[in-house]
Amino acid sequence: MDQIKSLLPKLTANIPAAMRVDTVLDRTTTIRASVFDVEFTLVLTVALVVLVVLLFLRNLWATLVPAVTIALSLLGSFAAMYAFNFSIDNLSLMALTIAIGFVVR
């Protein structure tokens, strides 16, 4: 949306003066806030999963396995999304957040 707003003066210069271009609805602030919340939840979920495994198993090496597995699975997921030219949106971030729990289970 920022790029569109920066290009808007150039675009409106090419249309007749009788026409007016206005932004009717700008949901970028709510979308950005939502993505930030999901990213925070993703980081918090990783931290909580590793902490719970550490508290219940009380073994650093046994805790390291899910921590590395989660990191590698997230890295692999982002690599696959990049390879297939997928975008990161709320739905994909929420799916990754839920998938972290499946990695440990």
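**What to know about the overall build of the protein chain**
Okay, step 1: Scanning the protein chain from N- to C-terminus turns up 4 helices and 0 strands.
Okay, step 2: If you list the helices and strands of the protein chain from N to C, you get α-α-α-α.
Okay, step 3: For the protein chain, the C-alpha radius of gyration of 21 Å lies well beyond 13 Å, the compact-globule estimate for 105 residues.
Okay, step 4: Judged by the C-alpha coordinates and their principal axes, the protein chain covers about 70 × 25 × 15 Å.
Okay, step 5: A buried classification covers 15% of the 105 residues belonging to the protein chain.
Okay, step 6: Taking the intrachain contacts of the protein chain between residues at least 6 apart in sequence as the baseline, contacts between residues at least 24 apart amount to 62%.
Okay, step 7: For the protein chain, the exposed surface amounts to about 8400 Å²; the carbon and sulfur share of it is 70%.

**A look at helix α3 (residues 60–83)**
Okay, step 1: If you check α3, its first and last C-alpha atoms are 34 Å apart, about what 24 residues at 1.5 Å a residue would give, namely 34 Å.
Okay, step 2: N-capping of α3 is provided by N59, with a side-chain oxygen placed 3.1 Å from the backbone N of W61.
Okay, step 3: In the stretch just after α3, N85 is the one whose phi turns positive, near 60 degrees.

**With respect to the side chain of T45**
Okay, step 1: Mapping T45 onto the fold places it in helix α2 (residues 28–57).
Okay, step 2: If we skip the residues at most four places from it in the chain, T45 touches T97 and I100.

**Considerations on the side chain of T28**
Okay, step 1: Looking at the element boundaries, T28 is found in helix α2.
Okay, step 2: A polar contact of 2.8 Å, which involves the side chain of T28, links it to the side chain of D26.

**Some points on the packing of α2 against α3**
Okay, step 1: It is the contact of α2 with α3, at a shortest axis distance of 8 Å, that shows an interaxial angle of 160 degrees. The pairing of α2 with α3 is recorded here as roughly antiparallel in orientation. Once α2 is placed against α3, the crossing between them reads as right-handed. Only L60, A62, T63, P66, A67, I70 and L74 of α3 make contact with α2, whose side of the interface consists of L42, V46, V49, V50, V53, L54 and L57.
Okay, step 2: A breakdown of the residues in the contact of α2 with α3 according to their chemical character gives 13 nonpolar, 1 polar and no charged.

Scoring rules and cut-offs
- Residue numbers here run from 1 along each chain, matching the order of that chain's written sequence.
- Local features are withheld for residues below a pLDDT of 70 in this predicted model, meaning they are given only at 70 or higher, and side-chain atom pairs are given and counted only at 80 or more; totals for whole chains, interfaces and linings count all residues.
- The side-chain numbers reported here are obtained from all heavy atoms of the structure, hydrogens and water having been left aside.
- Where helices and strands are cited, they refer to DSSP runs of H or I of at least four residues and of E of at least two residues respectively, numbered from the N terminus.
- Atoms counted for the radius of gyration: C-alpha only. Globule rule: 2.2 Å times residue count to the power 0.38.
- Burial status follows relative accessibility: with a 1.4 Å probe on protein chains alone, a residue under 20% of its type maximum counts as buried, one over 50% as exposed, and anything between as partly exposed.
- What makes two residues a contact is simply this: any of their non-hydrogen atoms within 4.5 Å.
- Only the protein chains shown count as cover for residues, with accessible areas throughout obtained via the Shrake-Rupley method and a probe of 1.4 Å.
- How far a helix is expected to stretch is found by multiplying one less than its residue total by 1.5 Å.
- Pairs of N or O atoms are called polar contacts if they sit within 3.5 Å, as long as, within protein, a hydrogen donor faces a hydrogen acceptor (for residues adjacent in sequence, only side-chain-to-side-chain pairs).
- Between N-to-C directions, angles cover 0 to 180 degrees, with each direction set by a line fitted to C-alpha atoms, over the stretch in contact for helices.
- Each angle is binned into one of four classes, with values under 35 degrees roughly parallel, values over 145 roughly antiparallel, values of 65 to 115 roughly perpendicular, and all other values oblique.
- For a crossing to be left-handed, the near helix must be turned anticlockwise from the far one by less than a right angle; the clockwise case is right-handed.
- The nonpolar class holds Ala, Val, Leu, Ile, Met, Phe, Trp, Tyr, Cys and Pro. Asp, Glu, Lys and Arg form the charged class, and all remaining residues, Gly among them, are polar.

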